[in-house]
Each structure stands twice: as structure tokens, then as C-alpha cells.
Amino acid sequence: MNWKKYFKVLAVTASFLVMTGCATKAPPFDYTAYKESRPRSILILPPVNNTPEVQASYSVLSHATRPLAEAGYYVMPVTLVAEAFKENGMTQATDMHATPVDKLRQIFGADAALYITIGKYGTVYQVISSASVVSAEAKLVDLKTGKLLWTGAASASSEEGRSQQQGGLAGLLITAIIKQVMATALDQSHQVAGVATTRLLSAGTANGMLYGPRSPNYDKN
Amino acid sequence: MSNSRSSAVAVLLVCAALGGCATKPASLYQWQGYQNNVDAYFRADKLSPDAQTQLMEEDLQKIKASGGAVPPGYYAHLGLLYGQQGKLDQFAQQMQTEKKQYPESETFMDFLLRNFKK
């Protein structure tokens, strides 16, 4: 490949990213209902998977506990939650997501439920190269009132660490992963899913989850 | 493979540690291999329940030795692994421990103790 051409493409892409970054800066999220609800515990339902990759749902789910726990919430044990649904004859995440909130509250006793939907998971073939991309959105619902408390969306790509502009911890992590692991495509997707899920569910980010009662930052949101 | 895995994990840990210094609060919990164990459980084809249990027990000792906090769900997941091997006493014991450490789990732990003990 011609290097001049390559850099031109990069420059255009980069400036495009910068521009869209400015243009799409979201208005601040309305946290009124969330702050009123003051959830202490969160039930993460197995994610709905809108991708052809079968492993996506549990891959994202296995990453989801940590950011929420570190944000200061008690997180219902995800493996036992999945087993409890199975025992009740439910294997499809869409059915689990359709369960009435009072029923969820009765069995799990959580204050809020988190509904994750995965939009992208796996290898995307692009002009310059292929990348592992994971994107997901989530909504947090009060299990006593059924009120929507929060929504968010995030994505991650194995390519983003290659342009130094992205920088930050996530960029470093991605670069390290690629350099260190001769991973299969699916393992790489699983790692990228970890970055996307952490971005989606960490507290203290713009329009992100609020800190919970087990965090020293609780009520400083 | 396992070598490159562990070196990758090491790199991640170093990054996490560095990142931790640069940003705000330290971790609330010691995670060890918990997330990987949850992943292994869901994939079901990587490790036997017995091997998963051993990993969880070893990590638990490390967490305790370092004086760190055991993450939410850790004891409960360990109990599930025991339950799947028919060790119902240990299943019940871990559920009780989870409940004691995290009172938020009481409703669900009691549900599990009622429904899976039999």
C-alpha cells in the first residue's frame, strides 16, 4: 500500500472522528428518577443478543459484574441468576427481559434491574483492516416502581488503540491485548467485550451510572 | 497459550495498577480470576466444575491472605459449583456466607436455599 495514501486516509478519518466527537456531545442525562430511587442492589439480566455470535450474551455478562460492583452496588450473582431462570424453564434472554418487574423483585429481591442489549459482537471487515467490535446498550429499571432510571450505550473496537489519539487506559489495554495475545478472533472479541462493558457500566463517566452506596463516592455524584 | 494468557493478564494488571494511580478510587474488591471463572462456567467446555471450584478456592485464599474484600456473588458462585457436584452442604454454607457478607442478597439466597436444597 502506498504510505502517503494511507496517511491521508488516516488523517481524514481522524479529523472526521474529532468532528463527530464534538457534534454528538450528548446533553446531560436527567438523573431525577435515579436519585430518588437510590438502588442498593442490581440484578443483571442475561443480555439480549442481536448478533449472530452465540457466545456474545454470556461473554458480556461475565464482564458486567465488576464495573457495577466497583461502582458501589451489590450485584446479584450472575451465574445463579441464569440458573434460576433455567430452572423456571426460561432459556431465551428476550423472555427473561419480558418478565414482570414485580416477579423479578419477588424472586431476586433486587432494587433495580439492568437490561443489556448487544448490537454488535465480533469481526467487522473494514476498508483498511478487520476489527473486533462490540457495542451494547443498557437500561436500569426500578423493580419497585418499574420506572426507567438510566440508559446508556457504549462500544469498543480492537482497532482504536492503534491510533494514539484515543489514548487513555482503554487504548493502552487494547494495544496490550493485541500485542500480547495471539488470540483467536473470538477470544479477541471477548476481550473487546470487556472494554465495552466496562465503559458502559462504570460510574463516574459522563452520563454514566451513578455511584452506589458501597462506594466512598456515593452521593458525590 | 496459557503462558501468553498469563503474560497478557500481567500486562493488564500493570495497566490497571497504573491507571488506578492516575485516576480516582482504589478497587473496592479483589477480583483475582473471578470473571474468568464466571466465563468458564458459562462456556462449560473449558474446565470441569471440580477444576473451577479449585480455582475459586485458591483465589479465595489469596484474597483473604491479602486482606482484600471478596466481591459480590463470589461465595454464591462457589456454592453453585459445589451444588453442581452434589455437595449440598457446601452449597448451603456458601449461600449463607454470601448472605452474611451481603445482606442485599438475602431474598435471592433464601429462594435458592428453598428451591435447590430439596
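Scroll up to find the structure this text is about.
For the structure given in this document, a descriptive report is provided here.

Thresholds applied
Residues numbered from 1 in each chain as written. Chains lettered and ligands numbered in written order. Predicted model: local features only at pLDDT ≥ 70, side-chain atom pairs only at ≥ 80, totals over all residues. Heavy atoms only, no water. Helix = DSSP H or I, 4+ residues; strand = E, 2+ residues; numbered from the N terminus. Buried < 20%, exposed > 50% of the residue type's maximum accessible area, 1.4 Å probe, protein only. Contact = heavy atoms within 4.5 Å. Axes fitted to C-alpha atoms, helices over the stretch in contact; angles between N-to-C directions. Parallel < 35°, antiparallel > 145°, perpendicular 65-115°, else oblique. Nonpolar A, V, L, I, M, F, W, Y, C, P; charged D, E, K, R; others polar. Left-handed = near helix turned anticlockwise from the far one by under 90°. Core = buried A, V, L, I, M, F, W, Y, C linked by side-chain atoms within 4.5 Å. Phe/Tyr/Trp six-rings, centres within 6.5 Å; stacked < 30°, edge-to-face > 60°. Lys, Arg positive; Asp, Glu negative; His and termini not counted. Salt bridge = Lys/Arg side-chain N within 4 Å of Asp/Glu carboxyl O. Buried area = accessible area lost by both parts, 1.4 Å probe. Polar contact = N/O pair within 3.5 Å; in protein donor to acceptor, adjacent residues only side chain to side chain. Pairing = 2+ DSSP bridges.

A separate point is the overall build of chain B. The helix and strand tally for chain B stands at six helices and zero strands. Sequence-ordered secondary structure for chain B, helices as α and strands as β, is α-α-α-α-α-α. When each of the 118 residues of chain B is scored for burial, the buried share is 40%. Partitioning the intrachain contacts of chain B with sequence separation of at least 6 by distance along the chain shows that 49% fall at a separation of at least 24.

We now examine the overall build of chain A. Each helix and strand counted, chain A has eight helices and six strands in total. When the helices and strands of chain A are placed in sequence order, the string is α-α-β-β-α-β-α-α-α-β-β-β-α-α. Taken across its 221 residues, chain A has 48% of its residues classed as buried. Sequence separation of 24 or more characterises 69% of the internal contacts of chain A that already satisfy a separation of 6 or more.

Residues and elements named next belong to chain B. Put simply, helix H4 (residues 74-84) and helix H5 (residues 88-101) touch, their axes get as near as 8 Å, and they point 170° apart. For the element pair H4 / H5, the angle class is roughly antiparallel. Residue-level contacts link Tyr74, Tyr75, Ala76, Leu78, Gly79, Leu80, Tyr82 and Gly83 of H4 to Leu88, Gln90, Phe91, Gln94, Met95, Thr97, Glu98 and Gln101 of H5. Grouping the amino acids of the contact of H4 with H5 by side-chain chemistry returns nine nonpolar, six polar and one charged.

What follows deals with the packing of helix H3 (residues 49-65) of chain B against H4(B). Residue and element names in this part refer to chain B. Look at H3 against H4: their axes get within 9 Å of each other, and the N-to-C directions meet at 150°. Classified by the interaxial angle, the pair formed by H3 and H4 is roughly antiparallel. Judged by the sense of rotation from one axis to the other, the crossing of H3 with H4 is left-handed. Residue-level inspection shows Pro49, Gln52, Thr53, Leu55, Met56, Glu57, Asp59, Leu60, Ile63 and Lys64 of H3 in contact with H4, the latter providing Tyr74, Tyr75, His77, Leu78, Leu81 and Tyr82.

Turning our attention to the nonpolar core. In terms of nonpolar packing, the biggest core is built from 81 residues, with Leu43(A), Ile44(A), Leu114(A), Trp150(A) and Phe108(B) touching the most fellow members. Apart from the residues lying within four places of it in its own chain, the contact partners of Ile44(A) are Leu61(A), Ala64(A), Thr65(A), Leu68(A), Val75(A), Val78(A), Val81(A), Leu114(A) and Ile116(A).

Glancing now at the packing of aromatic side chains. As enumerated under the stated definition, the model contains twelve aromatic pairs over all chains in all. Ring geometry for Phe85(A) against Phe108(A): centres 5.6 Å apart, planes inclined by 40°, an arrangement best described as tilted. With Phe85(A) in helix H4 (residues 78-87) and Phe108(A) in helix H6 (residues 101-108), the pair connects residues that are 23 residues apart, well separated along the chain. Phe108(A) matches Phe85(A) in its accessibility class, with the two residues each being buried. Clustering of aromatic rings is evident, with ring pairs tying together Tyr74(A), Tyr29(B), Trp31(B), Tyr34(B), Tyr74(B) and Tyr102(B).

On to the side chain of Glu98(B). Tracing the sequence through the fold places Glu98(B) in helix H5. Arg214(A) provides the closest opposite charge to the buried, salt-bridge-free Glu98(B), at an N-O distance of 8.7 Å.

Once that is clear, we can look at helix H2 (residues 34-43) of chain B. All names here are of chain B. With eight of ten residues buried, H2 lies mostly within the body of the structure. Buried within H2 we find Tyr34, Gln35, Asn37, Val38, Asp39, Ala40, Tyr41 and Phe42. Ala44 lies just past H2 and shows a positive phi near 65°.

We now examine the interface of chain A and chain B. Taken together, the contact pairs 45 residues of chain A with 40 residues of chain B. When residues of chain A are sorted by the area they lose upon contact with chain B, Tyr74(A), Leu80(A) and Arg214(A) head the list and together hold 17% of the total. Joining chain A to chain B, the criterion identifies two salt bridges. In this structure, Asp187(A) and Arg43(B) form a salt bridge, with 3.8 Å as the shortest nitrogen-oxygen distance. Counting every contact that joins chain A to chain B gives seven residue pairs in polar contact (both at pLDDT 80 or more). Sorting the residues of the side of chain A that touches chain B by element identifies helix H3 (56-70), strand E3 (74-75), H4, H6, helix H7 (168-180) and helix H8 (185-201) of chain A as the ones contributing at least two each. Tallied by class, residues from the side of chain A that touches chain B come to 22 nonpolar, 15 polar and eight charged.

Residue and element names in this part refer to chain A. Relative to strand E6 (residues 148-157), strand E5 (residues 130-142) is paired through nine bridges, and the arrangement is antiparallel. Residue pairing across strands places Val141 opposite Leu148, the latter belonging to E6. In this antiparallel pair of consecutive strands, E5 and E6, the connection spans five residues, and Gly146 shows a positive phi of 75°.

The next point concerns the pattern of salt bridges. With the rule as written, the count across this model stands at ten salt bridges over all chains. In this structure, Asp219(A) engages Arg38(A) in a salt bridge whose closest nitrogen and oxygen atoms are separated by 3.4 Å. Placement of the pair is Asp219(A) in the segment after H8 and Arg38(A) in the loop between helix H2 (32-37) and strand E1 (41-44), with a sequence separation of 181 residues. Assessed through its relative accessible area of 53%, Asp219(A) is described here as exposed. The salt bridge involving Lys99(B) is made with Asp110(B); its shortest N-O contact spans 2.7 Å.

Let us look at the side chain of Lys99(B). Residues and elements named next belong to chain B. In this structure, Lys99 sits in helix H5. Side chain to side chain, Lys99 and Asp110 meet in a polar contact 2.7 Å long. If near-sequence neighbours (up to four positions away) are discounted, Lys99 is found in contact with Ser105, Glu106, Met109 and Asp110.

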